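# Observations on the model geometry
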Amino acid sequence: MVKQLRLGLFENAQANDSGTSTWRHPDNQRYLFDRLDYWGQTAKLAEDAGFDFLFLADAWGWAEVNGTRPDIATTEGLDLPRLDPAIVLAALIPQTTRLGLVATGSVLLEPPYSFARRMATLDILSGGRIGWNIVTTGTADTAVQAFGVDMVGHDERYVMADEFMQVVYKLWEEAWERDALVRDKNGVFADADKVHRIAHEGKYFRSHGYGNTQRSPQGTPVLFQAGASPAGREFGGKHGEAIFVGSGTAEQLLGHSSAIRAEAVKNGRRADEVKVMSAMAAIVGSTEEEAKAKYASVADAQDPALTVASYAWFTGLDLSSFDRDTPMKELHTELSQTQVARFADKTVGNVLDDWHAHGVGARPIVGTPEQVADKMIELADGGDLDGFLFAPTIPPASTKDFVEHVLPILRERGVVAPVSEETSTLRERLLGTDSPDLAESHPGSAYRR
Ligand code: FMN
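Per an unreviewed UniProt entry, the chain goes by NtaA/DmoA family FMN-dependent monooxygenase and derives from Microbacterium mitrae. Per UniProt, the comment on the chain under Sequence similarities (unreviewed entry) is "Belongs to the NtaA/SnaA/DszA monooxygenase family."

### Concerning the site of the ligand
Among the 21 residues in the neighbourhood of the ligand, the closest are listed as Asp58, His154, Tyr158, Ser229 and Thr338. Within the contact set of the ligand, a nitrogen atom lies 2.6 Å away from a backbone nitrogen or oxygen of Asp58. Here an oxygen atom of the ligand sits 2.7 Å away from a polar atom, N or O, in the side chain of His154. In the complex, 85% of the free accessible area of the ligand, which totals 620 Å², lies under the protein chains. Of all the secondary structure elements, the ones that give two or more residues to the shell around the ligand are strand E2 (53-57), strand E4 (130-135), helix H6 (154-174) and strand E8 (242-245). A per-class count over the shell around the ligand returns 10 nonpolar, 10 polar and 1 charged. Two domains each put at least three residues into the shell around the ligand: domain 1 (6-285 + 361-447) and domain 2 (297-358).

### Comments concerning the pairing of strand E6 (residues 206-210)
The pairing of strand E5 (residues 197-201) with E6 spans 5 bridges and is antiparallel. When the sheet's bridge partners are listed, Glu201 is paired in E6 with Arg206. Here E5 hands over to E6 after 4 residues, the two strands then running antiparallel side by side.

### Topic: the sheet that holds strand E1 (residues 6-12)
Around the barrel, 8 strands lie side by side as E1-E2-E3-E4-E7-E8-E9-E12; this closed barrel has parallel pairing. Strand after strand, the sheet turns through a mean of 30° between neighbouring axes, direction not considered. Bridge count for E8 against strand E9 (residues 275-280) is 4 bridges, and the pairing is parallel. Among the inter-strand pairings, Ala242 is bridged to a residue of E9, identified as Lys275. On top of the sheet, helix H4 (residues 112-125) reaches strand E3 (100-106) and E4; it is set at about 150° to E4, its chief contact. Docked against the sheet, helix H8 (residues 250-266) engages E8 and E9, running at close to 150° with respect to E8.

Cut-off values and rules
Positions within a chain are numbered from 1, following the residues in the order the chain's sequence is written. Two thresholds apply to this predicted model, a pLDDT of at least 70 for residue-level local features and 80 or more for giving and counting side-chain atom pairs, whereas whole-chain, interface and lining totals are computed over all residues. Remark: hydrogens and water are excluded; side-chain values derive from all non-hydrogen atoms of the structure. UniProt positions are given in the numbering used here, feature names are shortened, and annotations may be inferred rather than shown by experiment. Any residue with a heavy atom lying within 4 Å of a molecule or strand is counted as near it. What qualifies as a polar contact is a pair of N or O atoms within 3.5 Å, subject to a donor-acceptor requirement within protein and to the restriction that residues adjacent in sequence count only when both atoms come from side chains. Areas reported here follow the Shrake-Rupley algorithm with a probe of radius 1.4 Å; residue values treat only the protein chains shown as occluding. Numbered from the N terminus, helices here are DSSP runs of H or I no shorter than four residues, and strands are runs of E no shorter than two. Three categories are distinguished: nonpolar for Ala, Val, Leu, Ile, Met, Phe, Trp, Tyr, Cys and Pro, charged for Asp, Glu, Lys and Arg, and polar for the others, with Gly belonging to the last. For every domain, the bounds stem from an assignment made automatically or drawn from a database. Here, a strand pair is defined by DSSP locating no fewer than two bridges between the strands. A fitted line through C-alpha atoms represents every axis, and for helices the fit uses only the stretch in contact; the resulting angles, taken between N-to-C directions, go from 0 to 180 degrees. In this analysis, two residues are considered to be in contact whenever any of their non-hydrogen atoms come within 4.5 Å of each other.

So, in structure tokens, the structure goes:
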């Protein structure tokens, strides 16, 4: 039985994303990523179509191969320049009324105190429509140079992430009680009994004193997470309310969703308290042939040399220095281990071909609208998914194709809810709860006053 599917729209405040470079494609409009018009139109497209949220990915750092930045990364706009996702989302608050707005934020690079204030500000101004995608930053080696901080190993970054969460829970849940802000001109502005000092003294963070922002409508923004390594899943099962998984077969997706739900249960949460959403892409044509030709035009728009730079950005590995027949099993990284492990049974040559087609992003479902809808239902059913994060291969043309041709079929089949004008917090909308707060069983709610 397929669940009512949640839908997110994956976007990125840069021209390209996911390690591919499609900006030259004639239908790509995101090469204008620095214009408010692009974002206003994209948010309206998502809200009118009934997406639950707009998600902005983010990365710090840049592509380097053996310590040198290849020119092609710059000339093709692989990784830079980009805009700050939280500020782009702030600009979209007045342009939307129902759409959830989810920003990616790294726990490795920025102090939790300033980060907590930024997210609370967004949640307050949007009336509780904010989510945070917690990342430990796979592309850490260049990012730490830029921030002048020490490199932290892969698994240890999740230890650090867990401590970061303790600090932000204290600021979001403990520092200001819900009704601390009275704002009564004949009484007090804020109730001193309901504003509390926080204290945190840990291995990575120290924070003592008062929260800089009052409690926001959701307190803690909806917590998204996407780590797929064992340490990443453990963290996601504990803190995540919605988990993104990469694309795959129904069997692979079931493996991911079962593992994440098992982690949630280990942490005293219900298996269905965590919403598992698979990244997906679709190239839609009126016939299968037309869809295949459209997909070929995506690969043709890219330079193969960029593929090497792009894979190195995620993993630190220069695949051009290995024989194409080298088994991937022989390679190791301290950056994104998922991007090596998922090719365990492949060769370097296989990976170069795969990465050229869709980078770190989902392998598109290529076909007619019916074929795409059928495949989504099959994956959701077999993979025990709660929804999809749709990533446009060519933004916004691929999103428009999906909205116009595939979504109506999914609604007809009853697996996606009709568009509703109702407004609520993102947590209520996404998790189907009737409270804007973290669930009682969530570790963050233990901090709530
Ligand atoms: N990592 C980022 O640094 N920024 C992102 O915006 C981001 N978005 C992601 C979206 C999806 C749909 C998926 C599946 C992953 C995303 N990731 C992103 C990567 C994960 O958060 C994680 O950092 C990466 O998989 C490395 O951690 P791991 O080794 O635990 O898997």
